[in-house]
Amino acid sequence: MARIGILTFSNTLNYGAAMQCYALTTYLKGQGHDISVIDYRNNRIEKKGKRCLSSIRNFKDMLLYLITKRNFLTREKLFDEFNCNYLPMTVPIEKNNVKEVLSKYDVVIVGSDQVWNGLLTDNDYTYYLPFDLAGVGKISYAASFGKGIPDEKEWVKISSYLKQFDKISVR
């Protein structure tokens, strides 16, 4: 039985992301593994699905915000409840201690979804596992760049990180 950490978009209001994380977790638990979903907080991902006052640019935006605010608050609450009740979430992890947390696992799985899309993550390299995690297996599971294809300079940096993975699957 391996101790496995899953690093994905767990703090988003996206049904597909929640369902893929639940499915992967359920499958791996069924195989007898000890699973944790790493509650890593990427600011851009966390803000993407949420409505806030700073997004209001005109009167139409204000009306839309007021009409949908209650529904969005309900949706946020339901996603938080789903994560708490159905996913084995860690405590929230900050960027400055993610390496320390990940080093406690036998294997870290990154993905699914567009975890390597720099446009979505604001070029957060954490999803490439750029640290030396001695003895920890690194696997990508259906990871994607989406439309955020890196430029030539970025490819050099990213390829050095990807070479450290034991297994890579993409979609």
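Higher on the page you've got the structure.
Residues numbered from 1 in each chain as written. Predicted model: local features only at pLDDT ≥ 70, side-chain atom pairs only at ≥ 80, totals over all residues. Heavy atoms only, no water.

Judged by nonpolar contacts, the single largest core of 28 residues is most densely connected at Val110 and Trp116. If you list the elements that add at least two residues to this core, you get helix H4 (98–102), strand E3 (107–113) and helix H6 (152–162). Those residues in contact with Val110, other than ones at most four positions away along the chain, are Leu7, Val115, Trp116, Tyr127, Leu129, Ile139, Ser140, Tyr141, Ala143 and Phe165. Ala2, Ile6, Leu24 and Leu28 belong to the second-largest nonpolar core, a separate cluster that totals 8 residues. (Core = buried A, V, L, I, M, F, W, Y, C linked by side-chain atoms within 4.5 Å. Buried < 20%, exposed > 50% of the residue type's maximum accessible area, 1.4 Å probe, protein only. Helix = DSSP H or I, 4+ residues; strand = E, 2+ residues; numbered from the N terminus. Contact = heavy atoms within 4.5 Å.)

Enumeration according to the criterion identifies 5 salt bridges in this entry. The salt bridge involving Asp39 is made with Arg41; its shortest N-O contact spans 2.8 Å. The class of Asp39 is buried, set by a relative accessible area of 7%. Of the residues examined, Arg41 reaches a relative accessible area of 31% and is grouped as partly exposed. The closest approach of N and O atoms between Lys95 and Asp124, which form a salt bridge, is 2.8 Å. In this pair, Lys95 is assigned in the loop between helix H3 (59–86) and H4 and Asp124 in the loop between helix H5 (118–121) and strand E4 (137–143), connecting sequence segments 29 residues apart. (Salt bridge = Lys/Arg side-chain N within 4 Å of Asp/Glu carboxyl O.)

Taken together, Phe59, Met62, Leu63, Leu66 and Ile67 make up a surface patch of nonpolar side chains, about 540 Å² in accessible area. Along the chain, the position of Ile67 falls in helix H3. Residue Ile67 is classed as exposed on the basis of its relative accessible area, which comes to 65%. (Patch = residues over 30% accessible without salt bridge, like charges linked within 9 Å, V, L, I, M, F, W, Y side chains within 5 Å. Areas by Shrake-Rupley, 256 points an atom, 1.4 Å probe, with all protein chains shown as cover.)

It is worth spelling out the sheet that holds strand E5 (residues 167–170) at this point. The strand order across the open sheet built from 5 strands is E2-E1-E3-E4-E5, with neighbouring strands paired in parallel fashion. Two strands in the sheet have a free side with no partner beyond their single neighbour: strand E2 (34–37) and E5. Between one strand axis and the next, the sheet turns by 20° as a mean value, whatever way the strands run. (Pairing = 2+ DSSP bridges. Axes fitted to C-alpha atoms, helices over the stretch in contact; angles between N-to-C directions.)

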